[in-house]
Amino acid sequence: MQLACFVVEDNAEIHENLAGALEELTCVKVVGGSPTEDAAFEWLVGHPGGWNMVIVDLFLKGGSGIRLIQRLERTRPEQKVVVFSNYVNASVRKRCGQLGVDAVFDKSTEIDALVDYCSHQCTLLGAHAALAPDQPTGGTP
């Protein structure tokens, strides 16, 4: 089972390195990405069942990660919104918490924690899949 992830990051090198690390070390499959708020929003809204997690940088070439998070509506309760930014402090963490962000990681010091978080989400996804029956149960055919 793979965790479908969309990455909102305007630095191409960071995007590529992050995607490579997550795909190599976890069950994450990066299904898309965008350097701007509007393009990310369009993709996420256009593919409501196509992602399990979105990783968002706060400062983008076009728009803002915070505004994207404010605009975004999750269509499934298991969808996760994660912030991964160089600009993480107590007030950013508080604001993200107010917006319902599931986790916040500092790019410069918490990449290992992000990988661990993704690994844990993979474990939860696998457990959820194992509990879900392939066929409806009960009743008569």
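Residues numbered from 1 in each chain as written. Predicted model: local features only at pLDDT ≥ 70, side-chain atom pairs only at ≥ 80, totals over all residues. Heavy atoms only, no water.

Describing the overall build of the chain
Along its length, the chain carries five helices and five strands. Reading the chain from its N end, one meets helices and strands in the order β-α-β-α-β-α-β-α-β-α. Looking at the chain alone, contacts between residues at least 24 apart form 68% of all its contacts between residues at least 6 apart. For the chain, the computed accessible surface area is about 7800 Å², with 53% contributed by carbon and sulfur atoms. (Helix = DSSP H or I, 4+ residues; strand = E, 2+ residues; numbered from the N terminus. Contact = heavy atoms within 4.5 Å. Areas by Shrake-Rupley, 256 points an atom, 1.4 Å probe, with all protein chains shown as cover.)

A few points about the sheet that holds strand 5 (residues 103-106)
Strand order across the open sheet formed by five strands is 2-1-3-4-5, with parallel pairing between neighbours. The sheet terminates laterally at strand 2 (28-34) and strand 5, the two strands that pair on one side only. The sheet shows a mean angle of 25° between the axes of neighbouring strands, direction not considered. Of the pairings in the sheet, the one linking strand 1 (residues 3-8) to strand 3 (residues 53-56) comprises four bridges and is parallel in character. Note that in strand 3 the partner of Val8 across the bridge is Val56. Helix 1 (residues 12-25) contacts strand 1, strand 2, strand 3 and strand 4 (80-85) of the sheet and is inclined by roughly 165° relative to strand 2. Strands strand 1, strand 2 and strand 3 of the sheet are contacted by helix 2 (residues 37-46), whose axis makes an angle of about 160° with strand 1. (Pairing = 2+ DSSP bridges. Axes fitted to C-alpha atoms, helices over the stretch in contact; angles between N-to-C directions.)

Points about the state of the cysteines
Going through the model one piece at a time under the given rule, you end up with one disulfide. Left unpaired, Cys118 is separated from the closest cysteine sulfur, that of Cys5, by 6.2 Å. Taking relative accessible area as the criterion, Cys118 reaches 0% and is therefore assigned buried. (Disulfide = S-S within 2.5 Å. Buried < 20%, exposed > 50% of the residue type's maximum accessible area, 1.4 Å probe, protein only.)

A closer look at the nonpolar core
A general tendency of soluble globular proteins is for nonpolar side chains to be buried together. Of all hydrophobic cores here, the largest spans 21 residues; its most connected members are Val28, Met53, Ile55, Val82 and Leu114. Here the element with the most residues in this core is helix 5 (residues 111-131); it accounts for six residues. If you look at the next biggest cluster of nonpolar residues, it comprises 20 residues, including Val8, Leu68, Val83 and Cys96. (Core = buried A, V, L, I, M, F, W, Y, C linked by side-chain atoms within 4.5 Å.)

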